Structure formats: C-alpha cells, structure tokens
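Inside the fold
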Amino acid sequence: GSRLEPEERSMEPPAMPEEEEEEEEGAVPLSMAPGPVGCQLFGYVGIEAVLDQMKIKTMKTGFEFNIMVVGQSGLGKSTMVNTLFKSKVSRKSSQPGQEERIPKTVQLQSITHVIEEKGVKMKLTVTDTPGFGDQINNENCWDPIIKYINEQYERYLREEILITRKRKIPDTRVHGCVYFVPPTGHWLRPLDLEFMRRLSKIVNVVPVIAKADTLTLEERAEFKQRIQEDLKTHAISVYPQEDFDQDPEDRALNDKIREKIPFAVVGADQEHQVNGKRVLGRKTKWGIIEVENPAHCEFPLLRDLLIRSHLQDLKDITHNVHYESYRVRRLNESNRPG
C-alpha cells in the first residue's frame, strides 16, 4: 500500500557531479576578470580632443580668480600685487603729495580687472585690507576680514540653492589670502599667529616675508626657520595643506614648496636696465635688486604658486573644502527645529 507520511527531504543542495565540480581548464574566475581599466583601442578615436574643447571653452568664457592681501601699512602689498600681474591692478592710493590716512578700523576695498594674455581672459579681483594691524589696540581686527570671506560664501550659496539658477554662478569667493609678515627677524607676533590660526580654517593662507631685502641672507634663513617652528607649534596649516595632497606626485611637489614657506619676497613695479636687459627691480645705492632673480628673492616661487602651478588647485580647495564646510554648517543651521 501507499505511505501517507510525508517524505523526509534533505535541505542540503544536491551534490554536483565530479566532472562539474572541477573548473574548466583555462577559465578565468569572476574576481580575476579584467575590468574596464587599460582597454586597448584598435585605432585613433580622438579622446584627446577633449582637452582642446576645454581650452577653447575656457578661452571664450574666461575664468575668475580672487585674491586678498593682508598686512600692515607700508609692507608693499599693492606693489607686490602689481608685480605679480605686471599691471596696475592694486588699489589706488590718495592723491600724490597727500598722506594716506590710516583708517580707524579695518576697511576692505576690492578692485576688479579683466586681464588677457594670449587669448585667455581672467577676471581678477584684488581685495586689500587697509587698517589691519595699524592701531594701538588690534583686538579682533580680523573680524571684518572673516565676515567678508563668509559673506562671499553666503552669496554663492544663495545663488546655488535657487530652484532656477544661473548657468554660471558669479564666483566672488576668496581663493587665496597672501599674509604679509613684517621683516622683524624675530618670532611671529601674537597678531600674526592669531590671524593665521583663525583664517586658515576658512581660506587658503599663503604667508610671505615682506620687504625681505631689509634682511641679510643669514637673518632671512633664521627668520624663516622660526616662522616654520611657530606654525608647527601652534598647529597652523597654511597653503598647500598636507591633508589635501591628492597623490604622491602632488605630495612631492608640495613638500618642496612647504620647505620654502614663508616666501621671502621683494616687490617692484618699475623696470631698470641690467646688462642690456630690462628687468623689474628696486634700485639702491648698492645696486639693483632683481625681483624675478631667484638669487635675490623668492618672488618667482610665490608667482609660480599663485598663478602658474597652483591657481586651479587654490580654486578647487576653496570650493571643495572651505566652501563645502560653510555650506554644510549653514544648511544644518537652517534645518534645526525652531
């Protein structure tokens, strides 16, 4: 007769035949299968033309670069900016023959120029900070500067969160702040340390030793070493920051730059005749200090950092790090209940 009890079934999967258990000879495991990297082309496709497209588009639209200079009066900030861009781009002082009055509080002045070189247009905005560090009591003199930098982030954020926004949002954010250290030859002042400690958290700070021709080469080297020790002791991270190095090549390049920071610079916007050549420099009774001569000062290193090698990196870190931190903080504040 038939059995009415349910038949017991094993829950284990059926054993595979021995022939199927063995992998086929020459088969490639899934984990070892080649990915899309290193795909070999059979002929010319034209992918490299993307670079030409980007170049053409950039030349048509141009790009923006915003720089801020901070330091006491008389350190050559305006002259340095004019030397960097080889044109009169800094703020205009008062009328000739009149003394420029020192403002009672820090006032920010921005001037925008369009500079064109070999068909490439750059909208350059230079923000000066007259009155910084010039008072007897300099307590909280960095507050107007911090407020200005955050206002530019806020302006960009308001444009970005609009439902219908512009194809290209005007960028007034400060991409780099050049801080001029007085050539005292001693240690950094508490004002210098406090400014860089606060500002390095929200903007790319590049410290320079102003009017370095007032120091001997030995004094300059000692002063630079003391500044580096001060920055390390107070955990102040100036540009280029070690945390943001992308790959070993970037780290190797930036390590060389970090060894030279702060740059000992001399600014001059007048040309002089030296060995039959016209050079930018400062004329003294001992000779001419050539601004673009690495043996005389480190201005070429500053120019290469700000313009020729790291300009786009300054903009990328401003957008991806400093502005992103501000954006997250503001959106968290707006989402809090009450």
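In case you missed it, the structure is sitting above this.
Just so it is clear, the structure is predicted and the values come from calculations on it, not from any experiment.

What counts as what
Residues numbered from 1 in each chain as written. Predicted model: local features only at pLDDT ≥ 70, side-chain atom pairs only at ≥ 80, totals over all residues. Heavy atoms only, no water. Axes fitted to C-alpha atoms, helices over the stretch in contact; angles between N-to-C directions. Helix = DSSP H or I, 4+ residues; strand = E, 2+ residues; numbered from the N terminus. Parallel < 35°, antiparallel > 145°, perpendicular 65-115°, else oblique. Left-handed = near helix turned anticlockwise from the far one by under 90°. Contact = heavy atoms within 4.5 Å. Nonpolar A, V, L, I, M, F, W, Y, C, P; charged D, E, K, R; others polar. Patch = residues over 30% accessible without salt bridge, like charges linked within 9 Å, V, L, I, M, F, W, Y side chains within 5 Å. Areas by Shrake-Rupley, 256 points an atom, 1.4 Å probe, with all protein chains shown as cover. Salt bridge = Lys/Arg side-chain N within 4 Å of Asp/Glu carboxyl O. Phe/Tyr/Trp six-rings, centres within 6.5 Å; stacked < 30°, edge-to-face > 60°. Buried < 20%, exposed > 50% of the residue type's maximum accessible area, 1.4 Å probe, protein only.

Some remarks on the packing of helix α3 (residues 77-85) against helix α8 (residues 299-309)
- As a packed pair, α3 and α8 sit with axes 10 Å apart at the nearest point and diverge in direction by 70°. Taken together, the axes of α3 and α8 lie roughly perpendicular to each other. As for the relative orientation of α3 and α8, their crossing is right-handed in sense. Listed contacts from α8 to M80, T83, L84 and F85 of α3 are F299, L302, R303, L306 and I307.
- Across the contact of α3 with α8, the residue classes break down as seven nonpolar, one polar and one charged.

A word on a nonpolar patch on the surface
- Together, L41, V45, I47, V50, L51 and M54 make up a nonpolar patch on the protein surface, roughly 620 Å² of accessible area in all.
- Note that L51 resides in helix α2 (residues 49-61).

Some words on the packing of aromatic side chains
- Throughout the structure, instances matching the rule amount to six aromatic pairs.
- Plain terms: the ring middles of F132 and Y179 are 6.1 Å apart, the flat faces sit at 85° to each other, and that makes the pair edge-to-face. Of the two residues, F132 sits in the loop between β3 (120-128) and α4 (143-160) while Y179 sits in strand β4 (residues 176-181), which places them 47 residues apart along the sequence.
- Classification of F132 as buried rests on a relative accessible area of 0%.
- Between Y153 and Y326, the ring centres sit 5.7 Å apart and the planes meet at 40°, which makes this aromatic pair tilted. In this pair, Y153 sits in helix α4 while Y326 sits in helix α9 (residues 311-335), placing the two residues 173 residues apart along the sequence. Across the pair, exposure class does not vary: Y153 and Y326 are buried alike.
- Taken together, the ring pairs connect Y153, Y156, Y323 and Y326 into an aromatic cluster.

Read these as spatial facts, not as claims about activity.
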